[in-house]
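# Close look at the chain arrangement
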There are 2 protein chains.
Amino acid sequence: MVRRTGRRPGNPDTREAILSAARGAFAEKGFDGASIRAIAAGAGVDPALVHHYFGTKDKLFLATMNAPVDPTDVIAEAGAGERHEIGERFVRAFLGMWDGPRGSAAVALMRSVVGTEWTAKMFREFIITQILRRAVAGLDLDPAEADLRVTLAASHLAGLALARYVVKVEPLASVPSETLVAAIGPAVQRYLTEELPGVFAA
Amino acid sequence: MVRRTGRRPGNPDTREAILSAARGAFAEKGFDGASIRAIAAGAGVDPALVHHYFGTKDKLFLATMNAPVDPTDVIAEAGAGERHEIGERFVRAFLGMWDGPRGSAAVALMRSVVGTEWTAKMFREFIITQILRRAVAGLDLDPAEADLRVTLAASHLAGLALARYVVKVEPLASVPSETLVAAIGPAVQRYLTEELPGVFAA
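Source: prediction; values computed, not measured.

Basis of the calculations
- Residues numbered from 1 in each chain as written.
- Chains lettered and ligands numbered in written order.
- Predicted model: local features only at pLDDT ≥ 70, side-chain atom pairs only at ≥ 80, totals over all residues.
- Heavy atoms only, no water.
- Helix = DSSP H or I, 4+ residues; strand = E, 2+ residues; numbered from the N terminus.
- Buried < 20%, exposed > 50% of the residue type's maximum accessible area, 1.4 Å probe, protein only.
- Contact = heavy atoms within 4.5 Å.
- Areas by Shrake-Rupley, 256 points an atom, 1.4 Å probe, with all protein chains shown as cover.
- Lys, Arg positive; Asp, Glu negative; His and termini not counted.
- Charge placed at Lys NZ, Arg CZ, Asp CG, Glu CD.
- Least-squares fit on C-alpha atoms with pLDDT ≥ 70 in both.
- Axes fitted to C-alpha atoms, helices over the stretch in contact; angles between N-to-C directions.
- Left-handed = near helix turned anticlockwise from the far one by under 90°.
- Nonpolar A, V, L, I, M, F, W, Y, C, P; charged D, E, K, R; others polar.
- Expected span 1.5 Å × (residues − 1).
- Bend = angle between axes of the 7 residues up to and from the residue.
- Buried area = accessible area lost by both parts, 1.4 Å probe.
- Salt bridge = Lys/Arg side-chain N within 4 Å of Asp/Glu carboxyl O.
- Polar contact = N/O pair within 3.5 Å; in protein donor to acceptor, adjacent residues only side chain to side chain.
- Phe/Tyr/Trp six-rings, centres within 6.5 Å; stacked < 30°, edge-to-face > 60°.
- Lys NZ or Arg CZ within 6 Å of the ring centre and 35° of its normal.
- UniProt positions renumbered as here; feature names shortened; annotations may be inferred.

With that out of the way, let us pick up the overall build of chain A. Across its full length, chain A holds ten helices and zero strands. Mapped from its N terminus to its C terminus, chain A presents α and β elements in the order α-α-α-α-α-α-α-α-α-α. Projected onto the principal axes, the alpha-carbon positions of chain A cover approximately 55 × 40 × 30 Å. The buried share of chain A, taken over its 202 residues, is 53%. Sequence separation of at least 24 residues holds for 67% of the intrachain contacts in chain A that already meet a minimum separation of 6. Summed over all atoms, the accessible surface of chain A reaches about 9,000 Å², with 57% contributed by carbon and sulfur. Side-chain charges of chain A comprise 23 positive and 23 negative groups, with the mean position of each set lying 10 Å from the other.

Structure representation (C-alpha cells):
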C-alpha cells in the first residue's frame, strides 16, 4: 500500500514508502521498466531522496527483496582469483553468506521465493538483472552459454542451501563448510568453465 | 484433528481418519516409533483396515506426505543398469517425475517442505527412512559414505527442481530434459560413486 502524503527527509516512514512503491513498480514493470522517477512519484517524494536512501536502482532492488548480500560482491570475490578455482570460491562465498549474520534473511528469502508467486517473479528478475548480466563480464563467460551455465551452478547452490539451511537434512546440515567446498566446488567449476558435452555444441 | 467415532470399511472418511492419525503419529514419534497398531487406535479402526487401505507402513508414510512417487521405484530404476550411468539415470527419472502427471503434487510438496516446519520434519524422516536406507543396498554404496553421498546428490536434484519447476528460472526452466541429463548426470554420478578428495579419506 503506497501512502502519498507529503514526506520530509528523516521521516522514518519515507524509506518504507519508497520500498513499497518500488516493490509495486518492479513487480509491474520489471527491473528495466521501473524508473526511479516513477518510484519516487509513487512514494510522493523527490527522486533525489530515493538516491539518498538507497543509492542506485540496483541497490534499491536488492533492498525491496531484503537480499542478504549484493551478488555483485559475491561475483567479484569469486571471479577475482585463479580461473580454475572459481567453483570452490563460489561455494565458499555462498556458504559464508548463509553462515553469516544475514543467514536468517537468506532463509526468509528462500521461503518467500518458494511460497509466493510475487516473490518468485521478483527473484527471476533478480537472477536476470543482478546475476546473469554480471556473470558474463565478471567471470569471463561466453555470452551464448553464460545463462545456462550460471543457472546450472546457481540451482546447485540453491539446492545445497535448501537442504542444509532450510530443511536441515543430515549429514549435509552438519558437515564443515570446507567439506562442501571440496565436494561441490568441482561441480560448480564444471558448470561455469568446463566443456559440457551434450549441452553445448563442441 | 483425529476423530475417534466408530467407522466401517467403505466409509469415505475412514481413509482420511487413518491419514490424520498417521500424520500425528509420524510427526510425534518418527517413522520407526509410530506403529500401525497405534495409528489404527488413533483413527478408531482395526489395524487390518490400515493395511487394507495403505498396504505397508512405508506406503502409509508416503501417502501422509502426498509423495508424488515411491522413491523405492526411482532407486530401483536408477540402480538397475550400468553403474557408471547411475547419475544420468537418476536425473532422467527425477525429471520424469516432475514432468509427469504427479508433477504438480511434487511442486506442492516442495512448497510445503520449505514453508512449514512440520512438513520439513516429516521430510527429514522421509529422506532417512525412504531414501538413505534404501540407497545403500540399491546403489551398492559404502555405508560409511552413503548418507553424505546421497544427500549431496539429492540436494543437487532438489535445487534443479526448485529452479526449473517452482521458481521457473530461465533458461533452466525451458531446456529439454536430455540437456539437463547431460549437464547434471555427471555431477550426480560423481557424488554417488566417484572419489571425492577432501570429503572422504582416501
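Here we come to the relation of the copies chain A and chain B. Least-squares fitting of chain A to chain B yields an RMSD of 0.0 Å, with the superposition described by an axial translation of 0.0 Å and a rotation of 180°. When the rotation and shift are considered jointly, the pair of chain copies conforms to a two-fold rotation axis. In terms of proximity to the rotation axis, the leading residue of chain A is G159 of chain A, whose C-alpha is 1.7 Å off the axis. Interface overlap between copies is the fraction of interface residues in one copy that are interface residues in the other; for chain A against chain B it reaches 100%, indicating a shared surface.

What follows covers the packing of helix 6 (residues 86-99) of chain B against helix 9 (residues 143-166) of chain B. All names here are of chain B. Interaxial distance between helix 6 and helix 9 falls to 11 Å at its minimum, and their mutual angle equals 35°. Considering how the two elements wind past one another, helix 6 and helix 9 form a crossing that is right-handed. Judged by residue contacts, V91, F94, L95, W98 and D99 of helix 6 engage L157, A158, L160, A161, R164 and Y165 from helix 9. In the contact of helix 6 with helix 9, the residues fall into nine nonpolar, no polar and two charged.

Residues and elements named next belong to chain B. The end-to-end C-alpha separation of helix 8 (residues 117-138) is 30 Å, in line with the 32 Å expected for 22 residues at 1.5 Å each. Of all the bends in helix 8, the greatest, near 30°, is centred on I131. Turning to helix 8, its buried residues are T119, A120, M122, F126, I127, T129, Q130, I131, L132, R134 and A135. At the exit of helix 8 stands D140, carrying a positive phi of roughly 55°.

Residue-level contacts link 41 residues of chain A with 41 residues of chain B. Interface of chain A and chain B: buried area, both sides summed, is about 3,200 Å²; carbon and sulfur atoms make up 71% of it. One can count zero salt bridges joining chain A with chain B. The tally of links from chain A across to chain B stands at ten residue pairs in polar contact (both at pLDDT 80 or more). Elements with a contribution of two residues or more to the side of chain A that touches chain B: helix 7 (103-115), helix 8 (117-138), helix 9 (143-166) and helix 10 (177-193) of chain A. Residue contributions to the side of chain A that touches chain B peak at twelve residues, all from helix 9 of chain A. Residue composition of the side of chain A that touches chain B, by class: 28 nonpolar, seven polar and six charged.

Here we take up the pattern of salt bridges. Residue and element names in this part refer to chain A. What the rule picks out here adds up to 14 salt bridges over all chains. One salt bridge connects E16 with R23, and the closest N-O pair in it is separated by 3.6 Å. Classification of E16 by relative accessible area gives partly exposed; the value is 39%. R23 sits in the partly exposed class, given a relative accessible area of 25%. Several salt bridges converge on common partners, so that one network encompasses E88, R92 and E178.

Time to look at the packing of aromatic side chains. Taken as a whole and judged by the stated rule, the model has 16 aromatic pairs over all chains. On the numbers, 6.4 Å between centres and 40° between planes, the contact of F61 of chain A with F126 of chain A is tilted. Taken together, the positions of F61 of chain A in helix 4 (residues 57-64) and F126 of chain A in helix 8 put the pair 65 residues apart, joining distant regions of the chain. Across the pair, exposure class does not vary: F61 of chain A and F126 of chain A are buried alike. Lying over the aromatic face of F31 of chain B, K57 of chain B brings its terminal NZ or CZ to 4.8 Å of the ring centre.

We now examine the environment of Y53 of chain B. Among the structural elements, Y53 of chain B can be located in helix 3 (residues 47-54). Linking Y53 of chain B and A41 of chain B, residues twelve residues apart in sequence, is a C-alpha distance of 15 Å.

Take the UniProt feature "DNA-binding region" (unreviewed entry) in chain A next. The sites that carry the UniProt feature "DNA-binding region" (unreviewed entry) are, in the present numbering, residues 35-54 of chain A. Measuring from the first to the last C-alpha atom of residues 35-54 of chain A gives 14 Å, for a span that is 80% helix and 0% strand.

Our next topic: the side chain of R164 of chain B. All names here are of chain B. Secondary-structure assignment places R164 in helix 9. D99 provides the closest opposite charge to the buried, unpaired R164, separated from it by 4.2 Å. A polar atom in the side chain of R164 sits 3.0 Å from the backbone oxygen of L172.

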